[in-house]
Amino acid sequence: MQFSFLLLIPAMLGFDPTTVKTNIDFQIFINAIACIESGYNPSAVGDDGKALGIFQIWESYYKDAKGFSIQKRDKYNLKDTQYKDVLSHAVAYRVVLAYFERYEPKALINNDFETLARLHNSGPNWRNKKYLTNNYWKKVKSFFPTVKDKLFSFTTKGYEKARILIINF
């Protein structure tokens, strides 16, 4: 059986564009995380209620990201958010970016998706338990050959308004 679905990638959700990674490979990566974690369900609740939203963010992950954002003059606009706000696509995306920048800034800059995926899956000490993240990384990297040619950008007046991802299964 084959089916397709569309996903708007949060490049148009109203937050500071300097905090949005817009390259295509990163968008494929972040969508792979969303698909694996929640099946793109922004209302998902997992791990016995400990993980929320499209990226299945734990409260400790959120607090780390929010604290880092506030230290950076609220770069990711998280100061006035609460943990439950990760049920919003826009907040969840900013939380993930802040977390990545806090713990693996070079990986974020260099699109080192393996490092970022392992960090997301297992936290900042993932290198001490890398073997626990092997299956997760395999799932994430499996998205790249199938999805890359399916990502399209739409622009209006020179500004990126949305990206639509079409994935065929």
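Fair warning: this is a prediction, and the values are worked out from it, not measured in the lab.

**Student:** Explain the pattern of salt bridges residue by residue, including any values.
**Tutor:** Within this structure, the stated rule accounts for five salt bridges. Notably, a salt bridge pairs Lys75 with Glu101, separated by 3.0 Å at the nearest N-O pair. Of this pair, Lys75 sits in the loop between helix 2 (59–71) and helix 3 (89–103) while Glu101 sits in helix 3, and the two are 26 residues apart along the sequence. For Lys75, a relative accessible area of 33% puts it in the partly exposed group.

**Student:** Requested: an account of the environment of Arg127, with residues and values cited.
**Tutor:** With respect to the helices and strands, Arg127 occurs in the loop between helix 5 (113–122) and helix 6 (134–141). Relative accessible area serves as the criterion here: at 49%, Arg127 is assigned to the partly exposed category. In this structure the side chain of Arg127 is engaged in a polar contact, spanning 2.6 Å, whose partner is the side chain of Glu104.

**Student:** Account for the environment of His89, naming residues and giving values.
**Tutor:** On the secondary structure map, His89 appears in helix 3. We classify His89 as partly exposed; its relative accessible area is 31%. Separated by 48 residues in sequence, His89 and Asn41 place their C-alpha atoms 9.6 Å apart.

**Student:** Report on the sheet that holds strand 2 (residues 45–46), specifying residues and quantitative values.
**Tutor:** Strand-to-strand pairing in sheets goes through backbone hydrogen bonds, with the strands running parallel or antiparallel. Pairing is antiparallel across the open sheet formed by three strands, whose spatial order is 2-3-4. Each edge of the open sheet carries a strand with a single partner, namely strand 2 and strand 4 (57–58). Bridge count between strand 3 (residues 51–52) and strand 4: two bridges; the pairing is antiparallel. Along strand 4, the bridge assignment pairs Leu52 with Ile57.

**Student:** Can you break down unusual backbone geometry residue by residue, with the values?
**Tutor:** For Asp74, which is not glycine, the phi torsion reads 55 degrees and is therefore positive. Relative to the assigned elements, Asp74 resides in the loop between helix 2 and helix 3. Of note in the backbone geometry, Asn77 takes a positive phi value of approximately 55 degrees without being a glycine. Along the chain, the position of Asn77 falls in the loop between helix 2 and helix 3.

**Student:** Before we move on, can you summarise helix 5 with the specific residues and values?
**Tutor:** The element helix 5 is extensively covered by neighbouring structure, given that eight of its ten residues are classed as buried. Listing the buried residues of helix 5 in full gives Phe113, Thr115, Leu116, Ala117, Arg118, Leu119, His120 and Ser122. With its phi angle positive at about 90 degrees, Gly123 sits one or two positions after the end of helix 5.

**Student:** So, the packing of helix 1 (residues 24–38) against helix 5: which residues are in play, and what are the values?
**Tutor:** The geometry of helix 1 relative to helix 5 is characterised by a closest axis approach of 11 Å and an angle of 25 degrees between their N-to-C directions. When the axes of helix 1 and helix 5 are compared, the pair comes out roughly parallel. Considering only the axes of helix 1 and helix 5, their crossing is right-handed. Listed contacts from helix 5 to Asp25, Phe26, Phe29, Ile33 and Glu37 of helix 1 are Phe113, Leu116, Ala117 and His120. Taken together, the residues of the contact of helix 1 with helix 5 sort by class into six nonpolar, one polar and two charged.

The rules behind these values
Numbers given to residues run from 1 along each chain, matching the order in which its sequence is written. Selection of residues for local features in this predicted model requires a pLDDT of at least 70, selection of side-chain atom pairs for listing and counting requires 80 or more, and totals for whole chains, interfaces and linings are taken over all residues. Excluding hydrogens and water, the side-chain figures rest on all heavy atoms present in the structure. When a carboxyl oxygen of Asp or Glu lies within 4 Å of a side-chain nitrogen of Lys or Arg, that pair is called a salt bridge. Starting at the N terminus, helices and strands are each numbered in turn, a helix being any DSSP run of H or I of at least four residues and a strand any DSSP run of E of at least two. A simple rule labels every residue: compare its accessible area, found with a 1.4 Å probe on the protein chains alone, to the largest value its type can have, and call it buried under 20%, exposed over 50%, or partly exposed in between. For the purposes of these results, a polar contact is taken to be a pair of N or O atoms within 3.5 Å, where, inside protein, one atom must be able to donate a hydrogen and its partner to accept one; residues adjacent in sequence count only when each atom of the pair is a side-chain atom. Pairing between strands is defined by DSSP: at least two bridges between the two strands are required. In this analysis an axis means a line fitted to C-alpha atoms, helices contributing only their contacting stretch, and an angle means the value between N-to-C directions, from 0 to 180 degrees. Throughout this description, any angle smaller than 35 degrees is read as roughly parallel, any larger than 145 degrees as roughly antiparallel, any in the 65 to 115 degree range as roughly perpendicular, and the remainder as oblique. Should the near helix be turned counterclockwise from the far one by less than a right angle, the crossing is left-handed, whereas a clockwise turn marks it as right-handed. Contacts were defined at the residue level, with two residues in contact if any of their heavy atoms lie within 4.5 Å. Classification used: nonpolar for Ala, Val, Leu, Ile, Met, Phe, Trp, Tyr, Cys and Pro, charged for Asp, Glu, Lys and Arg, polar for all others including Gly.

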